[in-house]
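# What the coordinates show
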Amino acid sequence: MRDVYTVTDELAGRFDAVNLGRGVPDFGGPSPLHAAAARAVRDGPHQYVASEGTRELRAALAEHYAGAYDPDTEITVTAGATEALRCALASVLAPGDGVLIPEPCYDAYPPLVRSCGGRPVPVPLRREGDRYVLDPADLPVAGARALLLNAPHNPTGWMPGEAELAALAEFAVRHDLVVVADEVYEQLWYGEPHRSVATLPGMRERTIVCSSASKTLSVCGWRVGWALAPARLTAALRDVHRFTTFCAPAPLQAAVAAGLRWAGETGWFAAQRAEYAVRRGLLLDALEAAGWSPARPAGAFFVLARTPVTGDDPFEANDRLVRSRGVAGLPMTTFHSRPERAAGLLRFAFCKRLPVMEDAHRRLTGSLVKGDV
Ligand code: PMP
Ligand code: GLN
């Protein structure tokens, strides 16, 4: 079956539309990172490295997370956050275990959970005004083993506020849940800084943080990610990782270690955030002008927006938008457990170069190419 990203790429290609569907940057990260990668590909390592990751990258990660995790026993390098999530879930779940997932959610989650024998249990994120919130009253009472918490959140841009985070942590402690925290967008926030759920009382010992260089350094294709967890959870996760990919790409581990150090020393993460904030502003402005109702993301690089037509089929809405405005979003059907919940919802990614976002702005705010939105 063709996935929604490929369907959208084809639609955008056919009409030469600005494609804001797939959440992948159309730029390749900072140049010092490329230089480090070129050196490592030339000089090695060329063979397998330690399954848990090179000492160099684990040390760079320990520094990146301000010493919060021990590089020897608490940090594992994986092939992207996707593998970290897979290893985390596989090491924690027994057949039939429930996994709470705030919804809408990244569409990889339910298949990942099922492939580890688990059972996805959706918890609604509700739109209130121009943002999404989680109501602790919506957390189910029994039967769950884990919470899969993505913040900053794809696709809503949700970042739990202090009270939401405290309620989630308190719930996890009360029900003895493991929290698998997907923090791939940890560097991308536009107001309050990101705070990991692992930093709340009682949470460090039950949380596996999964993240990666994909969005942090804009190199999704390098497949370098990591899992941070206390030694007990790390040992179980490493047992799965060893027989999944054995190790992440060796020369690129060297490059990511150099890139993280360079970015930390030069303030590059803040500069990247400032650039994203401009693109976010352009997209919000354009969607509002075109009559859509966008939610304001607190983090990540997506705007989730409602079409001007109530109850709209999202694929039809995208088709109309591409034909009339020359801009493509992503239909949210596979981000919901029940397709009808995606009615009228398209996600727009703003991880594209500024001229591309400006072009999208012109198209969304200018005169119609054909017909109506
Ligand atoms: N989690 C979320 C929420 C994502 O949006 C994505 C897509 N980048 C991933 C995980 C996958 O990350 P990676 O490329 O590190 O596997
Ligand atoms: N995580 C990205 C998104 O949500 C890319 C997913 C993909 O290309 N499969 O758009």
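Small disclaimer: the values here were computed from a predicted structure and weren't measured.

### Re the site of ligand 2
Lining the immediate environment of ligand 2, one finds Tyr 5, Arg 22, Gly 23, Tyr 106, Asn 154, Lys 215 and Arg 347. Between ligand 2 and Arg 22, the relevant distance is 2.8 Å, taken from an oxygen atom to a side-chain nitrogen or oxygen of the residue. Notes on ligand 2: free accessible area 300 Å², of which the protein chains cover 80%. Across the shell around ligand 2, the residue classes tally to two nonpolar, two polar and three charged.

### Here we look at the environment of Phe 246
As for its placement among the helices and strands, Phe 246 is situated in the loop between helix H8 (231-242) and helix H9 (250-266). Assessed through its relative accessible area of 31%, Phe 246 is described here as partly exposed. Those residues in contact with Phe 246, other than ones at most four positions away along the chain, are Tyr 48, Val 49, Ser 51 and His 241.

### Details of the site of ligand 1
Near ligand 1 you find 14 residues, and of these Thr 82, Asp 182, Tyr 185, Ser 214 and Lys 215 are the closest. Between an oxygen atom of ligand 1 and a side-chain N or O atom of Tyr 185, the distance comes to 2.6 Å. At 2.8 Å, a side-chain N or O of Arg 223 approaches an oxygen atom of ligand 1. In the complex, the protein chains occlude 94% of the 400 Å² of accessible area that ligand 1 would expose alone. Mapped onto the shell around ligand 1, the elements with two or more residues apiece are helix H4 (80-92) and helix H7 (213-216). With three residues, the single largest contributor to the shell around ligand 1 is H4. Within the shell around ligand 1, the residues separate by chemical class into five nonpolar, six polar and three charged.

### Observations concerning the packing of aromatic side chains
Inspection of the entire model under this criterion finds 12 aromatic pairs. When the centroid spacing of 6.3 Å and the interplanar angle of 55 degrees are considered together, the rings of Phe 27 and Tyr 276 count as tilted. Of this pair, Phe 27 sits in the loop between strand S1 (18-19) and helix H2 (31-43) while Tyr 276 sits in helix H10 (residues 268-289); the two residues are 249 residues apart in sequence, bridging distant segments of the chain. For Phe 27, a relative accessible area of 23% puts it in the partly exposed group. Relative to Tyr 109, the ring of Tyr 106 lies with its centre 5.7 Å away and its plane at 85 degrees, an arrangement referred to as edge-to-face.

Rules and cut-offs
Residues numbered from 1 in each chain as written. Chains lettered and ligands numbered in written order. Predicted model: local features only at pLDDT ≥ 70, side-chain atom pairs only at ≥ 80, totals over all residues. Heavy atoms only, no water. Near = heavy atom within 4 Å. Polar contact = N/O pair within 3.5 Å; in protein donor to acceptor, adjacent residues only side chain to side chain. Areas by Shrake-Rupley, 256 points an atom, 1.4 Å probe, with all protein chains shown as cover. Nonpolar A, V, L, I, M, F, W, Y, C, P; charged D, E, K, R; others polar. Helix = DSSP H or I, 4+ residues; strand = E, 2+ residues; numbered from the N terminus. Buried < 20%, exposed > 50% of the residue type's maximum accessible area, 1.4 Å probe, protein only. Contact = heavy atoms within 4.5 Å. Phe/Tyr/Trp six-rings, centres within 6.5 Å; stacked < 30°, edge-to-face > 60°.

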